[in-house]
Amino acid sequence: MSVIRKFDIEYACVSTVGRLRKNNEDNFYVDAHYRTDLFALDDDRVSGTLCSADNPMVAVFDGMGGEACGEVAAFVAAESCEKFSHERNGYEEYLYELSELLNERVREECERRSLVLMGTTCAMVQFGTTDIYVLNAGDSRIYKLASHELRRVSEDHCAGGYHGKALTKFLGLPGDEKLRPYIAMGGYKAGDMFLLCTDGVTDMLSDDEIRACIDHRLPVDTLARELIDQALERGGYDNATALLCRIKRHR
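Predicted, not measured: the structure shown is a model, and the values here were computed from it.

About the criteria used
Residue numbers restart at each chain and count upward from 1, following the sequence in its written direction. Where local features are concerned, this predicted model is filtered to residues with pLDDT of at least 70; where side-chain atom pairs are given and counted, the filter is 80 or more; whole-chain, interface and lining totals use all residues. Where side-chain values are given, they derive from all heavy atoms of the structure, hydrogens and water being excluded. Numbered from the N terminus, helices here are DSSP runs of H or I no shorter than four residues, and strands are runs of E no shorter than two. Here, two residues are considered to be in contact whenever any of their heavy atoms come within 4.5 Å of each other. Residues counted as positive are Lys and Arg, residues counted as negative are Asp and Glu, and His and the chain ends are not counted. Taken as the charge centre is NZ of Lys, CZ of Arg, CG of Asp or CD of Glu, depending on the residue. Throughout, exposure labels follow a simple rule: accessible area from a 1.4 Å probe, protein chains only, divided by the maximum for the residue type, with under 20% read as buried, over 50% as exposed, and the rest as partly exposed. Taken from the helix axis, the directions to the C-beta atoms give the arc we talk about. Here a strand pair is declared whenever DSSP counts at least two bridges between the two strands. One side-chain nitrogen of Lys or Arg within 4 Å of one carboxyl oxygen of Asp or Glu is enough to make a salt bridge. Lines fitted to the C-alpha atoms define the axes, with helices restricted to the stretch that makes contact. Angles between their N-to-C directions range from 0 to 180 degrees. Between 65 and 115 degrees an angle is taken as roughly perpendicular, under 35 as roughly parallel, over 145 as roughly antiparallel, and anywhere else as oblique. By definition, turning the near helix anticlockwise from the far helix through less than a right angle yields a left-handed crossing, and turning it clockwise yields a right-handed one. Under the scheme applied here, ten amino acids are nonpolar (Ala, Val, Leu, Ile, Met, Phe, Trp, Tyr, Cys and Pro), four are charged (Asp, Glu, Lys and Arg), and all others, including Gly, are polar. Any pair of N or O atoms that falls within 3.5 Å is considered a polar contact. Within protein, one atom must be able to donate a hydrogen and the other to accept it, and sequence-neighbouring residues count only if both atoms are side-chain atoms. With a 1 Å grid spanning the protein atoms alone, the term cavity applies to any set of points in which a 1.4 Å probe fits but cannot get out, the term pocket to an open set with protein on both sides within 12 Å along at least five of seven lines, and the term lining residue to any residue with an atom within 4 Å of a point. Grid points are joined across faces, edges and corners, and a volume is the space filled by probe spheres set on the points.

Trainee: What exactly am I supposed to notice about the overall build of the chain here?
Mentor: Regarding its fold elements, the chain presents five helices and 14 strands. For the C-alpha atoms alone, the extent of the chain along its principal axes is close to 55 × 40 × 30 Å. Here the analysis covers contacts within the chain between residues at least 6 apart in sequence; of these, 76% occur between residues at least 24 apart. Charged side chains in the chain number 30 positive and 43 negative. The centres of these two groups are separated by 4 Å.

Trainee: Help me out: how do you make sense of helix 4 (residues 207–214) in this one?
Mentor: For an α-helix, 3.6 residues make a turn, and residues three or four places apart therefore share a direction. All buried positions along helix 4 are accounted for by Ile-210, Cys-213 and Ile-214. The buried residues of helix 4 occupy one face: seen down the axis, they fall within an arc of 80°. Its buried side turned inward, helix 4 meets strand 8 (141–146), strand 9 (149–152), strand 13 (193–197), helix 3 (199–202), helix 5 (220–233) and strand 14 (240–249).

Trainee: What should I look at first to understand the pairing of strand 2 (residues 26–30) in this one?
Mentor: Looking along a regular strand, one sees the side chains alternate between the two faces of the sheet. For strand 2, the buried fraction is high: five of the five residues fall into the buried class. Along strand 2, one buried face is formed by Asp-26, Phe-28 and Val-30 and the opposite face, lined by Asn-27 and Tyr-29, is buried too. Alignment of strand 2 against strand 4 (residues 57–64), held across five bridges, turns out to be antiparallel. From the neighbouring strand, Asp-26 faces strand 4, where its bridge partner is Asp-62.

Trainee: Can you walk me through the pattern of salt bridges in this structure?
Mentor: Proximity of charged atoms lets side chains of opposite charge pair with each other. Using the criterion set out here, one finds 14 salt bridges in the structure. Across the pair Asp-156 and Arg-141 runs a salt bridge, and its minimum N-O distance is 2.7 Å. Of this pair, Asp-156 sits in the loop between strand 9 and strand 10 (158–159) while Arg-141 sits in strand 8, and the two are 15 residues apart along the sequence. When its relative accessible area of 14% is taken as the criterion, Arg-141 is described as buried. Ionic contacts of the salt-bridge type, sharing partners, join the residues Arg-141, Arg-152, Asp-156 and Asp-207 into one network.

Trainee: Help me understand the packing of helix 1 (residues 70–87) against helix 2 (residues 95–112) in this model?
Mentor: When two helices pack together, you describe them by how their axes are tilted relative to each other and by the distance separating the axes. Two numbers describe how helix 1 lies on helix 2: the axes approach to 9 Å, and their chain directions differ by 135°. When the axis of helix 1 is compared with that of helix 2, the two are oblique. The way helix 1 lies across helix 2 gives a crossing that is right-handed. Seen from helix 1, the contacting residues are Val-72, Ala-73, Val-76, Ala-77, Ser-80, Cys-81 and Phe-84; seen from helix 2, they are Glu-97, Leu-98, Leu-101, Leu-102, Arg-105, Val-106 and Glu-109. Looking at the contact of helix 1 with helix 2 residue by residue, the class counts come to 10 nonpolar, one polar and three charged.

Trainee: I keep staring at the sheet that holds strand 8 and nothing clicks. Help me out?
Mentor: Strand pairing in a sheet relies on backbone hydrogen bonds, with the paired strands running either antiparallel or parallel. Overall, antiparallel pairing links the six strands, which are arranged 3-1-14-13-8-9 in an open sheet. What marks the edges here is a single partner per strand, and that holds for strand 3 (44–51) and strand 9. On average, each strand axis in the sheet is tilted by 15° relative to the strand beside it, whichever way the strands run. Of the pairings in the sheet, the one linking strand 8 to strand 13 comprises five bridges and is antiparallel in character. Residue Lys-144 lies in a different strand from strand 13, and its bridge partner there is Phe-194.

Trainee: It is not clear to me how the environment of Asn-27 should be interpreted in this structure. Could you clarify?
Mentor: Within the fold, Asn-27 resides in strand 2. Those residues in contact with Asn-27, other than ones at most four positions away along the chain, are Tyr-34, Arg-35, Leu-38, Val-60, Phe-61, Ala-74, Phe-75, Ala-78 and Thr-241. A polar contact of 2.8 Å, which involves the side chain of Asn-27, links it to the backbone nitrogen of Arg-35.

Trainee: Just to check I follow, could you spell out unusual backbone geometry for this structure?
Mentor: A negative phi angle characterises most non-glycine residues, just as the trans form characterises most peptide bonds. Within the chain, Asp-31 stands out as a residue other than glycine whose phi angle is a positive 55°. Secondary-structure assignment places Asp-31 in the loop between strand 2 and strand 3. By relative accessible area, Asp-31 is classed as partly exposed at 38%.

Trainee: Would you take a moment to explain the layout of surface pockets for this structure?
Mentor: Unoccupied space between atoms shows up once a probe the size of one water molecule is rolled over them. Taken as a whole, the largest pocket encloses approximately 370 Å³ of empty space. Surrounding the largest pocket, 17 residues form its lining, Gly-191, Met-193, His-216, Arg-217 and Arg-246 being those nearest its centre. Secondary-structure elements contributing two or more residues to the lining of the largest pocket are strand 8 and strand 14. Considering every element that reaches the lining of the largest pocket, the biggest residue donor is strand 14, with four residues. Of the residues that constitute the lining of the largest pocket, the class distribution is six nonpolar, four polar and seven charged.

Trainee: What should I look at first to understand the pairing of strand 7 (residues 132–137) in this one?
Mentor: Burial analysis of strand 7 places six of its six residues in the buried class, which makes it a mostly covered element. Judged by which residues are buried, strand 7 turns out to be covered on both faces: Ile-132, Val-134 and Asn-136 on one side and Tyr-133, Leu-135 and Ala-137 on the other are all buried. Where strand 6 (residues 122–127) lies against strand 7, six bridges are found, and the strand directions are antiparallel. Directly across from Met-124, in strand 7, lies its bridge partner Leu-135. Between strand 6 and strand 7, which pair antiparallel and follow one another directly, the connecting turn spans four residues. Where strand 7 meets strand 12 (residues 182–186), five bridges bridge the pair, whose relative direction is antiparallel. Looking at strand 12, one finds that Ile-132 is bridged to Gly-186.

Encoded structure:
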């Protein structure tokens, strides 16, 4: 009789308004938590513990569109994650199917509001019983910290332009264009950490600075808060969200 391997996943998420922003267009999803008050200026903070046997999924979103409701696009994606995850609790390898659903939901909301374009990045991780699955579209990133080494396990989808970078993949792609996100699978073990974050973090801090900030045995809520504080101290030009997960053996 096979034994299901179980890990505890300690998580903490902090989402804040950038110093030069009037609202927070970021959102996240973890353990049925996400931002619901889209006009609140206070930080959103959640923390807790998940179990790998439940195949939990976590995600961050960075809305794009400014006056075209980027915060709504990110909210639609986060809210849809809760509904989908509730329907598929314990179901593995559904990230691609979920991303297609989120892409369609954001498109529908854009059309309902008669907008030309509304979208959001996504960076998603699902913890299976033996493997981990990652998916991303846009420039929100996923990192894995193992044995003091930080490695990016996502892929940026953006191109440079006269007015700065432009996203080449995101949820809410217009017309009949098919979303082709980056997808990968790998292993994980006790002691590993995973960071999902928006570019409000990575535009302010280098990978080495991120590693130095989170490579400690301090509680994950302390580390997530410190990461956001450092991004703000460096300028905080954009909204910033950091969702940090630490893998521990199940008690």
